[in-house]
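If you want the building blocks of each chain, they are given just below.
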Amino acid sequence: MIMDKFTVEETNLICIYNTGTRESLLEELSEMQTHLEQDETELIELTKSVINKISAMSDGDFEDVIVELVADFN
């Protein structure tokens with residue numbers, strides 16, 4: 001299962017910033033990072049982790065992640 005690659009915190013961040021495509025999620029997360037303060041180390045590290053994992057995925061793998069996230073909420 002592809003979702004095993006993500007922690008609960010990472011999936012929450014994906015849900016908050018997902019706008020539909022892998023590329024747009026990466027853009028949203030990168031933009032969000034510019035607003036973080038240096039003392040927000042946990043969120044900085046969490047965001048970096050999600051960006052790295054999503055960047056390493058294909059668009060198809062990303063779609064599988066989104067399908068699993070939606071299925072988890074139904």
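Let me sum up the structure you'll find in this document. Fair warning: this is a prediction, and the values are worked out from it, not measured in the lab.

1. Some words on the packing of helix H1 (residues 8–17) against helix H3 (residues 41–55)
Move 1: Orientation of H1 relative to H3, taken along the N-to-C sense of each, is 75°, at an axis distance of 10 Å. Here H1 lies roughly perpendicular to H3, going by the angle between them. Contacts from Glu9, Glu10, Leu13 and Ile14 of H1 reach H3 at Leu43, Leu46, Thr47, Ser49, Val50, Lys53 and Ile54.
Move 2: Classifying every residue of the contact of H1 with H3 gives six nonpolar, two polar and three charged.

2. Some points on the nonpolar core
Move 1: One finds Ile14, Leu29 and Ile54 to be the most contacted residues of the largest nonpolar core, which totals 18 residues.
Move 2: Taken together, the elements giving at least two residues each to this core come down to H1, helix H2 (22–33), H3 and helix H4 (59–73).
Move 3: The biggest single contributor to this core is H3, with five residues.
Move 4: Beyond its immediate sequence surroundings of up to four residues, Leu29 is in contact with Leu13, Tyr17, Thr47, Val50 and Ile51.

3. Focus: the pattern of salt bridges
Two side chains that carry opposite charge are able to pair once their charged atoms sit near each other.
Move 1: Counted by the stated rule, this structure contains three salt bridges.
Move 2: Residue Lys53 pairs with Glu10 through a salt bridge whose shortest N-O separation is 2.8 Å. Pair noted here: Lys53 is in helix H3 and Glu10 is in helix H1, with a separation of 43 residues, a long-range link.
Move 3: Here Lys53 falls in the partly exposed class, since its relative accessible area comes to 29%.
Move 4: With a relative accessible area of 3%, Glu10 lands in the buried category.
Move 5: Note that Arg22 is salt-bridged to Asp59, the shortest N-O span being 2.8 Å. A residue pair is termed long-range when its members are at least 10 positions apart, and Arg22 in helix H2 and Asp59 in helix H4 qualify at 37 residues.

Rules and cut-offs
- Residues numbered from 1 in each chain as written.
- Predicted model: local features only at pLDDT ≥ 70, side-chain atom pairs only at ≥ 80, totals over all residues.
- Heavy atoms only, no water.
- Axes fitted to C-alpha atoms, helices over the stretch in contact; angles between N-to-C directions.
- Helix = DSSP H or I, 4+ residues; strand = E, 2+ residues; numbered from the N terminus.
- Parallel < 35°, antiparallel > 145°, perpendicular 65-115°, else oblique.
- Contact = heavy atoms within 4.5 Å.
- Nonpolar A, V, L, I, M, F, W, Y, C, P; charged D, E, K, R; others polar.
- Core = buried A, V, L, I, M, F, W, Y, C linked by side-chain atoms within 4.5 Å.
- Buried < 20%, exposed > 50% of the residue type's maximum accessible area, 1.4 Å probe, protein only.
- Salt bridge = Lys/Arg side-chain N within 4 Å of Asp/Glu carboxyl O.

Take it as geometry only, folks, not as evidence of what the structure does.
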